[in-house]
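Below, each chain spelled out in residue letters.
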Amino acid sequence: MELFVFVCAAIMVLVGALGVVLRSNPVHAALSMILTLFGVAVLFVAREANFLAAVQVIVYAGAIVVLFLFVIMLLTDTAESAEGYPWKSAALGLAVFFFLAAGAVWLFVWSGAVPGTAAGTTPPELSVNPSEFVTAAKGFGRLLYTKYLLPLEIAGFLLLVALVGVVSLSKDPVDENA
């Protein structure tokens, strides 16, 4: 039964992700993103992470996608583009994305962020030695800013690039004849 749920959720996630990338209508792409987020929520429920599944549905599939839809509807021109879908630009962007993703995966493996061995069975909070006790937030912060500093910086840089891209795409083109 678990395999069936996983396969159904994985198909839902993949179909939704392909819909986000391949749809030319931005509203349809946002609706495909909702399908993807619901599939991820099903995967969370299958792993018995019910709180994360609820947050996934409420925050991402609810609030964030509604915000995306408002922004899309406010910024999109009502006239349809006569040129069609820019397949060459999309293929170039997809190739650059896969190249950067392969580089990021290589950096994660090279930096040691992906451990080669399985984690221990006893977390430090449950250890019998009281000197090893740290709170989960303190341990997470220490781990985030020591061992996983490079992935954190890469994620911050990618968010910055995405923000600059959104701002540059939302600007009106400059009219040279004016």
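The rules behind the values
- What you see as residue numbers is a count from 1 along each chain, following the sequence as written.
- With pLDDT at 70 or above as the cut-off, local features in this predicted model cover only qualifying residues; side-chain atom pairs require 80 or more to be listed or tallied, and sums for whole chains, interfaces and linings still use all residues.
- Water and hydrogen atoms play no part in the side-chain values, which are based on all heavy atoms of the structure.
- Note on conventions: DSSP H or I runs of at least 4 residues are helices, E runs of at least 2 residues are strands, and numbering of each starts at the N terminus.
- For the exposure calls, accessible area comes from a 1.4 Å probe over protein chains only, and a residue counts as buried if that area is under 20% of its type's maximum, exposed if over 50%, partly exposed in between.
- Note on definitions: a residue-residue contact is assigned when non-hydrogen atoms from the two residues lie within 4.5 Å.
- Shrake-Rupley sampling with a 1.4 Å probe provides the accessible areas, and residues are treated as covered by the protein chains on show and by no other component.
- For the purposes of this section, nonpolar cores are sets of buried Ala, Val, Leu, Ile, Met, Phe, Trp, Tyr and Cys residues that join through side-chain atoms within 4.5 Å.
- Working convention: axes come from line fits to C-alpha atoms, limited for helices to the stretch in contact. Angles between N-to-C directions cover 0 to 180 degrees.
- Geometric relationships in this document are graded by angle, where less than 35 degrees denotes roughly parallel, more than 145 denotes roughly antiparallel, 65 to 115 denotes roughly perpendicular, and other angles denote oblique.
- Basically, the charged four are Asp, Glu, Lys and Arg, the nonpolar ten are Ala, Val, Leu, Ile, Met, Phe, Trp, Tyr, Cys and Pro, and anything else, Gly included, counts as polar.
- A helix's residues, less one, multiplied by 1.5 Å, set its expected span.
- To get the bend at any residue, fit one axis to the seven residues that end at it and another to the seven that begin at it, then take the angle between the two axes.
- Polar contacts, as used here, are pairs of N or O atoms within 3.5 Å; protein pairs need one atom able to donate a hydrogen and one able to accept it. Residues neighboring in sequence count only if both atoms are side-chain atoms.
- Crossing chirality is assigned from the near helix's rotation relative to the far helix, an anticlockwise turn below a right angle marking it left-handed and a clockwise turn marking it right-handed.

Enquirer: Sorry if this is basic, but what is going on with the overall build of the chain here?
Expert: A count of helical and extended segments in the chain gives 6 helices and 0 strands. Listing the helices and strands of the chain from first to last along the sequence gives α-α-α-α-α-α. Going through the 178 residues of the chain one by one, you find that 13% of them count as buried. Of the contacts formed within the chain by residues at least 6 apart in sequence, a portion of 51% connects residues at least 24 apart. Accessible surface computed for the chain: about 14,300 Å², of which carbon and sulfur atoms make up 73%.

Enquirer: Before we go on, may I ask you to explain the side chain of T36 in this structure?
Expert: With respect to the secondary-structure elements, T36 resides in helix α2 (residues 26–46). Setting aside residues no more than four positions away along its own chain, T36 makes contact with M12, V13, G16 and A17.

Enquirer: Help me understand the nonpolar core, please; the structure alone is not making it clear to me.
Expert: Soluble globular proteins tend to bury their nonpolar side chains together. Among the nonpolar cores identified, the biggest contains 7 residues, and these are A30, I34, L37, A61, V65, L69 and I72. Of all the secondary-structure elements, those providing two or more residues to this core are α2 and α3 (50–75). Residue contributions to this core peak at 4 residues, all from α3. Filtering out sequence-adjacent residues up to four positions away, I72 remains in contact with P26, V27 and A30.

Enquirer: Sorry, what's going on with the packing of α2 against α3 here?
Expert: Packed helices, taken two at a time, are described by the angle between their axes plus the distance between the axes. In contact at an axis separation of 8 Å, α2 and α3 are set at 175 degrees when each is read in the N-to-C sense. By the criterion of interaxial angle, the relationship of α2 to α3 is roughly antiparallel. In contact with P26, V27, A30, M33, I34, L37, F38, V40, A41, F44 and V45 of α2, α3 contributes N50, L52, A53, Q56, V57, Y60, A61, V65, F68, L69, I72 and M73. Here the contact of α2 with α3 is composed, by residue class, of 21 nonpolar, 2 polar and no charged.

Enquirer: Would you take a moment to explain α3 for this structure?
Expert: The α-helix winds at 3.6 residues per turn, so residues separated by three or four positions along the chain end up facing the same way. A rise of 1.5 Å per residue sets the reference length of α3, with its 26 residues, at 38 Å; its end C-alpha atoms lie 36 Å apart and thus fit the reference within 8%. Q56 marks where α3 bends most, by close to 25 degrees. Residues of α3 that are buried in the fold lie against α2.

Enquirer: For this particular structure, what's the right way to read unusual backbone geometry?
Expert: What is expected of a backbone is that most residues other than glycine have negative phi and most peptide bonds are trans. In this structure, E48 is a non-glycine residue whose phi angle is positive, near 60 degrees. Among the structural elements, E48 can be located in the loop between α2 and α3. Among the residues examined, E48 registers a relative accessible area of 72% and is labelled exposed.

Enquirer: Just to check I follow, could you spell out the side chain of S32 for this structure?
Expert: With respect to the helices, strands and loops of the structure, S32 is situated in helix α2. The residues contacting S32, other than those within four sequence positions of it, are G16, G19, V20 and R23.

Enquirer: Help me out: how do you make sense of α2 in this one?
Expert: Look at α2: 30 Å from first C-alpha to last across 21 residues, which is about the 30 Å you get at 1.5 Å a residue. Listing the buried residues of α2 in full gives A29, A30, S32, I34, T36, L37, G39 and A41. Buried-residue contacts for α2 involve α1 (2–22) and α3. Measuring from the side-chain oxygen of the N-cap residue of α2 to the backbone nitrogen of V27 gives 3.1 Å; that N-cap residue is N25. Just past α2, the residue E48 takes up positive phi, approximately 60 degrees.

Enquirer: When you look at the packing of α1 against α2 in this model, what are you seeing that I'm missing?
Expert: Remark: α1 packs on α2, axes separated minimally by 7 Å, with the N-to-C direction vectors making an angle of 155 degrees. One way to sum up the angle between α1 and α2 is to call them roughly antiparallel. Where α1 crosses over α2, the handedness of that crossing is left-handed. When α1 is examined against α2, the residues V5, F6, A9, M12, V13, V15, G16, A17, G19 and V20 are found in contact with a partner set consisting of A29, S32, M33, L35, T36, F38, G39, V40, V42, L43 and A46. Looking at side-chain class alone, the contact of α1 with α2 contains 16 nonpolar, 5 polar and no charged residues.

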